[in-house]
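What the coordinates show
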Amino acid sequence: MGGKSLRFNSAEIDELLNLKYAGQRTFAVLSVLYPGLDLSKKFHEDHIFPKSRFTDKKLTEAGIPADKINDYLTTVNLLPNLQLLAGTANIEKQNSLPSAWIEAAFPSEDKRATYLAENDLDGLPLDLSDFMAFFEQRRQRIRTRLLAALATTPSIPEDEPST
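Residues numbered from 1 in each chain as written. Predicted model: local features only at pLDDT ≥ 70, side-chain atom pairs only at ≥ 80, totals over all residues. Heavy atoms only, no water.

Let us look at the packing of aromatic side chains. On inspection of all chains with the given rule, the structure shows nine aromatic pairs. Taking the centre distance of 5.1 Å and the plane angle of 75° together, the rings of F49 and F131 count as edge-to-face. Taken together, the positions of F49 in the loop between β1 (43-47) and α3 (56-61) and F131 in helix α8 (residues 131-149) put the pair 82 residues apart, joining distant regions of the chain. The pair formed by F49 and F131 is uniform in burial state, with each residue classed as buried. Judged by centre distance (5.9 Å) and plane angle (70°), the ring pair of W101 and Y115 falls under edge-to-face. (Phe/Tyr/Trp six-rings, centres within 6.5 Å; stacked < 30°, edge-to-face > 60°. Helix = DSSP H or I, 4+ residues; strand = E, 2+ residues; numbered from the N terminus. Buried < 20%, exposed > 50% of the residue type's maximum accessible area, 1.4 Å probe, protein only.)

Structural data, given as C-alpha cells:
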C-alpha cells in the first residue's frame, strides 16, 4: 500500500495561511503551530482581535480610513488573527482588545512576555489602527512556523518526477 507524503510545498503553506475561523482544518493547524497546549482540556478557536469590532461603523469610529475598512473585514477571520484559548480564558476575553485582555490575564510581566512570544503575538498593537501591520507580521511568523513544522519541499511541477 502506497503512502502519501506529509510534506507541503510553498503554495500549500500559503493556502493554510488563508484558513478561516471555524474551518475544517483550522483547529488542527493551530494545534500544530502551537504545540504547548494541553489539548486534554477544552479549547476554542478565538479571534485575537475580536470580530465584534470589525463592522463598518466600529472601524470608522476607531479611526480606520474608509479605503482600508475592506482590508480589515477580509482578514478578521483568517488564520493570522486566530488563536486557541482554553474555555475559561475565551469567556474572560470576550470582546476585549488583545492588549487589554493579555494584561489582565497575565499580570506578571514575565508570564505576559512568555505568552506573547509562544503565540507569535510580539508587537501586539494597543488598538485597531495597527491591526493590518500586526496581521502581516504574524502571518510571516506563522508561515515560518509552518515551513519548519511541515518540512516543506520546493514546488515540483506535476509532470516532473520527484526524487
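More follows now that the structure is in view.
This paragraph deals with the nonpolar core. One finds F49, F54, I102, L121, L124 and L128 to be the most contacted residues of the largest nonpolar core, which totals 23 residues. Where this core is concerned, the elements lending two or more residues are α4 (69-75), α6 (98-105), α7 (109-118) and α8. The biggest single contributor to this core is α8, with three residues. What I102 contacts, discounting residues up to four positions off in sequence, is R112, Y115, L116, L121 and L124. In this structure, L16, L17, Y34 and I142 belong to the second largest nonpolar core, which totals 15 residues. (Core = buried A, V, L, I, M, F, W, Y, C linked by side-chain atoms within 4.5 Å. Contact = heavy atoms within 4.5 Å.)

Okay, the side chain of R138 next. Locating R138 in the fold gives a position in helix α8. Within the buried set, R138 has no salt-bridge partner at all; the shortest N-O distance to an opposite charge, 5.3 Å, is to D120. Within polar-contact distance, the side chain of R138 engages the backbone oxygen of D120 at 3.2 Å. Not counting residues up to four positions away in its chain, the partners in contact with R138 are Y34, I48, L79, P80, N81, L82, N119, D120 and L121. (Lys, Arg positive; Asp, Glu negative; His and termini not counted. Salt bridge = Lys/Arg side-chain N within 4 Å of Asp/Glu carboxyl O. Polar contact = N/O pair within 3.5 Å; in protein donor to acceptor, adjacent residues only side chain to side chain.)

Moving on, we come to the packing of helix α2 (residues 26-33) against α8. The interhelical angle for the contact between α2 and α8, taken along N-to-C directions, is 80°, at an axis separation of 10 Å. Between α2 and α8, the angle is such that the two are roughly perpendicular. For the pair α2 and α8, the contacting residues are V29, V32 and L33 in the first and I142, R145, L146 and A149 in the second. Taken together, the residues of the contact of α2 with α8 break down into six nonpolar, no polar and one charged. (Axes fitted to C-alpha atoms, helices over the stretch in contact; angles between N-to-C directions. Parallel < 35°, antiparallel > 145°, perpendicular 65-115°, else oblique. Nonpolar A, V, L, I, M, F, W, Y, C, P; charged D, E, K, R; others polar.)

To continue, consider the pairing of strand β2 (residues 82-86). Among the five residues of β2, four are classified as buried, and the element is accordingly described as predominantly covered. As paired strands, β1 and β2 are joined by five bridges and run antiparallel to one another. The residue bridging H47 from the neighbouring strand is L82, located in β2. (Pairing = 2+ DSSP bridges.)

Below, the discussion takes up the pattern of salt bridges. On inspection of all chains with the given rule, the structure shows four salt bridges. Note that R112 is salt-bridged to E109, the shortest N-O span being 3.3 Å. Of this pair, R112 and E109 are both found in helix α7, three residues apart, which corresponds to roughly one turn of the helix. On the basis of relative accessibility, which here comes to 53%, the residue E109 falls in the exposed class.

Our next topic: the packing of helix α1 (residues 10-17) against α8. Their axes nearest at 10 Å, the elements α1 and α8 cross at an angle of 130°. With respect to α8, the element α1 is oriented oblique. Seen along the crossing, α1 lies across α8 with a hand that is right-handed. Residue-level inspection shows S10, I13, D14, L16 and L17 of α1 in contact with α8, the latter providing R139, I142, R143, L146 and L147. In the contact of α1 with α8, the residues fall into six nonpolar, one polar and three charged. (Left-handed = near helix turned anticlockwise from the far one by under 90°.)

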